Amino acid sequence: MTLQRIALTLALALACTTATAADLLGPGVISTGLQETSATFSADGDTVYFMRSDFGEKDDTILVSHRRGGQWSPPQVAGFSGQWHDSEPSLSPDGERLYFVSNRPPSPGAPPVTAEMGGHRFAGTHLWYVERQADGRWSAPMHVDGALNDGAMIYNPSVAANGDVYFSAHRADSGKAYQVYVARHAADGLAPPERVDLGDVARNRMDPAIDPRQRFILFAGDEGDALGRADIYIAFRQADGRWGKPEHLDGEVNSDALENAPSLGRRFGELYVSSNRQPAVDFPKSRNDASSLGERLSGPLNGSRNLWRVDISGVLRAHGISP
């Protein structure tokens, strides 16, 4: 093989294991100057639920938007949200159940869920779900009873096709930070959660996104090579059933900003990531007046978290994963 052919082969191999460029989801409509995270899509890909909040993330609400004629509609507050600290929606692969987390009282007459960490008290979270009704609307929210909701820091559910629910939490066996857990589907509900073994528990791992067939898992954290405060990693299921060593995703999945809340779209290799990346400002810049300055500083790329789409199909195929 000539040197030129070797170089071409290496270049093609690299292209097949690197994610493609990132695209902003619904700029100005879904991705705005506020905080948006945790996109989850209907089976046809034309309805998206996501979370929107203030910069301090003290007021989280779940919104829904529909794509018509290639354009996303102005988001509306989901029918089951708008009163409590609701966040991180996740549709089951069949679209019949939507999980989310909330500080709403877990039972009638109980107080809202609160959490404490490092001497600070804040809105806690338990796992809830709504189910699709015969008329297409969602049921009233239902609390997930049992060991899964032990504690008050349950985050980012992600549902496999068989009903297993992955999530991140701070629990007794989490170490000092957060870890990923799975509550397996059972005849009478969800079994007690098990910690997913992704390596040293000294590493903080959040926001799992599970492949519906559980062949791979994505999460946010820092395995020692993150470009920013947190990056997106992927681990593949091995032949013996265990998870392989987490791999840092290259391409435009990650940046020197914060990346978290990965979620899978409905097309093969479609990945959505929350990121507060923004373009550099070069000085001297074009002179702003009050109107142009306000427009720029309140737009999607003002340092708020937005939703970005990337294609990781090449990464998946390089590891033997097909549609």
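Structural data are supplied above this passage.
Since we're looking at a predicted model, the values are computed, not measured.

1. Section: the overall build of the chain
Scanning the chain from N- to C-terminus turns up three helices and 25 strands. Against the 2.2 N^0.38 benchmark of 20 Å for 323 residues, the chain shows a C-alpha radius of gyration of 20 Å, consistent with a compact globule. Once the C-alpha set of the chain is aligned to its principal axes, its extents read approximately 70 × 60 × 45 Å. Of all 323 residues assigned to the chain, the portion counted as buried reaches 49%. In the chain, of all internal contacts separated by at least 6 residues, the share reaching a separation of at least 24 is 51%. For the chain, the separation between the mean place of its 31 positive charges and that of its 40 negative charges on side chains is 2 Å.

2. Here's the deal with the sheet that holds strand 12 (residues 142–143)
The antiparallel open sheet is built from four strands, whose spatial order is 7-8-11-12. Of all strands in the sheet, those with a lone pairing partner are strand 7 (86–91) and strand 12, marking the two edges. One ladder, built from six bridges, connects strand 8 (residues 97–102) with strand 11 (residues 126–131); its direction is antiparallel. What sits directly across from arginine 97, in strand 11, is glutamate 131.

3. Focus on the nonpolar core
Note on soluble globular proteins: their nonpolar side chains tend to be buried together. In this structure, Leu218, Leu249, Val253, Leu271 and Ile312 are the most contacted members of the largest nonpolar core, which totals 18 residues. Sorting the residues of this core by element identifies strand 20 (216–221), strand 21 (231–236), strand 24 (270–275), strand 25 (306–311) and helix 3 (313–318) as the ones contributing at least two each. Tyr99, Tyr129, Phe167 and Tyr181 belong to the second largest nonpolar core, which has 13 residues in total.

4. Examining the pairing of strand 2 (residues 35–41)
Of all seven residues in strand 2, seven are buried; the element is thus mostly enclosed. The pairing of strand 2 with strand 3 (residues 47–53) spans five bridges and is classified as antiparallel. Bridge assignment links glutamine 35 to a residue of strand 3, and that residue is serine 53. The hairpin formed by strand 2 and strand 3 contains five residues between the paired strands, and glycine 45 there has a positive phi angle of roughly 75°.

5. Observations regarding the pairing of strand 23 (residues 259–264)
With five of its six residues buried, strand 23 lies for the most part within the structure. Alignment of strand 23 against strand 24, held across four bridges, turns out to be antiparallel. What sits directly across from asparagine 260, in strand 24, is serine 274.

6. Description of the pattern of salt bridges
A complete count under the given rule lists 15 salt bridges for this structure. Of the charged contacts, one joins arginine 97 and glutamate 131 as a salt bridge, the two residues approaching to 2.4 Å between their closest N and O atoms. In this pair, arginine 97 is assigned in strand 8 and glutamate 131 in strand 11, connecting sequence segments 34 residues apart. For arginine 97, a relative accessible area of 25% corresponds to the partly exposed category.

7. Details of the layout of surface pockets
Vacant regions in the atomic arrangement are exposed by a probe of water-molecule size rolled over the atoms. A volume near 890 Å³ is recorded for the largest pocket. Along the walls of the largest pocket sit 34 residues, with Glu57, Tyr155, Met206, Asn260 and Arg305 positioned nearest its centre. Contributions of two or more residues to the lining of the largest pocket are made by strand 2, strand 7, strand 10 (120–123), strand 13 (154–159), strand 19 (205–210), strand 20 and strand 23. Split by residue class, the lining of the largest pocket holds 12 nonpolar, 13 polar and nine charged. Around the second largest pocket, the lining comprises 34 residues; the ones closest to its centre are Ile210, Pro212, Leu264, Gly265 and Arg266. Secondary structure elements with two or more residues in the lining of the second largest pocket: strand 2, strand 7, strand 13, strand 19 and strand 23. Of the residues assigned to the lining of the second largest pocket, the class counts are 18 nonpolar, nine polar and seven charged.

8. Concerning the environment of proline 157
Position of proline 157 relative to the elements: it lies in strand 13. Under the relative-accessibility criterion, proline 157 is labelled buried at 6%. Distance in space between the C-alpha atoms of proline 157 and valine 182 is 9.3 Å, their sequence separation being 25 residues. Leaving out residues up to four positions away in the same chain, proline 157 has contacts with Glu88, Ser90, Tyr99, Phe100, Val101, Leu127, Val165, Tyr166 and Phe167.

The rules we used
Residues numbered from 1 in each chain as written. Predicted model: local features only at pLDDT ≥ 70, side-chain atom pairs only at ≥ 80, totals over all residues. Heavy atoms only, no water. Helix = DSSP H or I, 4+ residues; strand = E, 2+ residues; numbered from the N terminus. Rg over C-alpha atoms; globule rule 2.2 N^0.38 Å. Buried < 20%, exposed > 50% of the residue type's maximum accessible area, 1.4 Å probe, protein only. Contact = heavy atoms within 4.5 Å. Lys, Arg positive; Asp, Glu negative; His and termini not counted. Charge placed at Lys NZ, Arg CZ, Asp CG, Glu CD. Pairing = 2+ DSSP bridges. Core = buried A, V, L, I, M, F, W, Y, C linked by side-chain atoms within 4.5 Å. Salt bridge = Lys/Arg side-chain N within 4 Å of Asp/Glu carboxyl O. 1 Å grid on protein atoms, 1.4 Å probe; cavity = no way out; pocket = protein on both sides within 12 Å on 5 of 7 lines; lining within 4 Å. Points joined across faces, edges and corners; volume = space filled by probe spheres on them. Nonpolar A, V, L, I, M, F, W, Y, C, P; charged D, E, K, R; others polar.

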